[in-house]
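So you can see what is in the structure, the chains are spelled out below.
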Amino acid sequence: MSDLKPLAIERLTGDSAISIAAIERELGFVPDLMRVLSHSRAALHGYLALRAALKDGALPAALRERIAIAVANTNGCNSCLANHRHLARCADVSDQELDAATAFGSRDRAAAAVLRFTKAVIAARGGVDAVEFAAVRDAGFGDAEIVEIATVIGANMLANFVNNLAHSARNAADA
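Residues numbered from 1 in each chain as written. Predicted model: local features only at pLDDT ≥ 70, side-chain atom pairs only at ≥ 80, totals over all residues. Heavy atoms only, no water.

**A few points about the layout of surface pockets**
The condition is simple: The rule is simple: put a 1 Å grid over the protein atoms alone, call a set of points where a 1.4 Å probe fits but cannot get out a cavity, call an open set with protein on both sides within 12 Å along at least five of seven lines a pocket, and count a residue as lining if it has an atom within 4 Å of a point. Grid points are joined across faces, edges and corners, and a volume is the space filled by probe spheres set on the points. In this text, helices come from DSSP runs of H or I with a minimum length of four residues, and strands from runs of E with a minimum of two, each type numbered from the N-terminal end. Each residue is assigned to one class: nonpolar for Ala, Val, Leu, Ile, Met, Phe, Trp, Tyr, Cys and Pro, charged for Asp, Glu, Lys and Arg, and polar for all the others, Gly among them.
What the largest pocket holds in volume is close to 450 Å³. Surrounding the largest pocket, 25 residues form its lining, Y47, R51, E65, H84 and L87 being those nearest its centre. Of all the secondary-structure elements, those providing two or more residues to the lining of the largest pocket are α1 (14-27), α2 (32-37), α3 (41-55), α4 (61-75), α5 (78-90) and α9 (143-166). Grouping the constituent residues of the lining of the largest pocket by class yields 16 nonpolar, 4 polar and 5 charged.

**Digging into unusual backbone geometry**
To keep things clear, this is the line we draw: For each residue, the accessible area found with a 1.4 Å probe, counting protein chains only, is set against the maximum for its type, and the residue is called buried under 20%, exposed over 50%, and partly exposed in between.
Here the phi dihedral of D92 falls at roughly 65 degrees; this positive angle occurs in a residue that is not glycine. In this structure, R125 takes a positive phi of about 50 degrees despite not being glycine. Structurally, R125 can be placed in the loop between α7 (109-123) and α8 (130-138). We classify R125 as exposed; its relative accessible area is 78%.

**Overview of α1**
Defined as follows: Expected span of a helix: the number of residues minus one, times 1.5 Å. To be clear, the arc concerns the directions from the helix axis to the C-beta atoms. Any two residues whose heavy atoms approach within 4.5 Å at even a single point are treated as in contact.
Its 14 residues place the ends of α1 20 Å apart at the C-alpha level, agreeing with the 20 Å of an ideal helix rising 1.5 Å per residue. What α1 keeps buried is the set S16, S19, I20, I23 and L27. Buried positions in α1, seen along its axis, are confined to an arc of 95 degrees and lie on one side of it. Turned more than 90 degrees off the buried face of α1, the exposed positions are I18 and R25. Looking at the buried side of α1, the elements it contacts are α2, α3 and α5. Where α1 ends, the next residue or the one after it, G28, has phi of about 85 degrees, a positive value.

**So, the packing of α4 against α5**
Heads up, the rule is: Geometry is summarised by axes, namely lines fitted to C-alpha atoms with helices restricted to the contacting stretch, and by angles between N-to-C directions that run from 0 to 180 degrees. Convention used here: angles under 35 degrees read as roughly parallel, angles over 145 as roughly antiparallel, angles from 65 to 115 as roughly perpendicular, and any remaining angle as oblique. Each crossing gets its handedness from the near helix: less than a right angle anticlockwise from the far helix is left-handed, clockwise is right-handed.
One can describe the packing of α4 onto α5 by two numbers: an axis separation of 9 Å at closest approach and a directional angle of 160 degrees. With respect to their mutual orientation, α4 and α5 come out roughly antiparallel. Considering how the two elements wind past one another, α4 and α5 form a crossing that is left-handed. Where α4 abuts α5, its residues E65, A68, I69, A72 and N73 lie against C80, L81, H84, R85, L87 and A88. When the residues that make up the contact of α4 with α5 are grouped by side-chain class, the tally is 7 nonpolar, 2 polar and 2 charged.

**Comments concerning the nonpolar core**
Note the threshold: Residues grouped as a nonpolar core are buried Ala, Val, Leu, Ile, Met, Phe, Trp, Tyr and Cys residues, joined through side-chain atoms within 4.5 Å.
Ranked by size, the top nonpolar core spans 51 residues in total, and within it M34, I67, I149 and I153 carry the most contacts. Sorting the residues of this core by element identifies α1, α2, α3, α4, α5, α6 (95-102), α7 and α9 as the ones contributing at least two each.

**Some remarks on the confidence of the model for the protein**
Convention followed: As a per-residue quantity, pLDDT reports the predictor's confidence and falls between 0 and 100.
Predicted confidence across the protein gives a mean pLDDT of 93, with 94% of residues reaching 70 or more. Contacts of residues 169-175 to residues separated by more than four positions or lying in other chains number 3 contacts, the stretch itself having pLDDT below 50.

**Notes on the side chain of R66**
With respect to the helices, strands and loops of the structure, R66 is situated in helix α4. What makes R66 buried here is its relative accessible area of 12%. Residue contacts for R66: discarding those within four places in its chain leaves V93, E97, A101, S106, A111 and L115.

**Quick look at the packing of α1 against α3**
Axis separation between α1 and α3 bottoms out at 10 Å; the angle between their running directions is 40 degrees. If you check the angle between α1 and α3, you find them oblique. The interaxial crossing formed by α1 with α3 has left-handed handedness. Taken together, the residues of α3 that come into contact with α1 (itself represented by D15, S16, S19, I20, I23, E26 and L27) are R41, L44, H45, L48, R51 and K55. Residues that form the contact of α1 with α3 fall into these classes: 5 nonpolar, 3 polar and 5 charged.

Shown next, in the form of structure tokens:
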């Protein structure tokens, strides 16, 4: 059995309780990830700050969610995959595009370039070659967007890893 369990919302106090309440108002539910991150005030607030900052960035929500779907599928994080599919639908991404994102694809030229770049970043752990950079730049993305793509990947890797830790016993039983 996993020793890393989501905290009960009723047990949260102070600014962690306030942050979780804000997440519930925003999403209509509290993802297990937020309750697991609540074990560490620093982890919860750091993740939420990064998440909030990315919302104000150059990448639109629909593209951030496609990246999140590709990353979650790569890492086998079914919880994140389900949550980000929901959020992508809220951002008007079609089910066909959601399915394509799980395989780093899209019919949209710009989204396809970002998802191919995402795949390269993950595979090379950030050490992508000039061809990959040229392809994403040719699709209209500059340095700010490229840094945000990497940041979205990293934030979602963190979420996937924490969720997979919390569900590791169940995942092992399913294997």
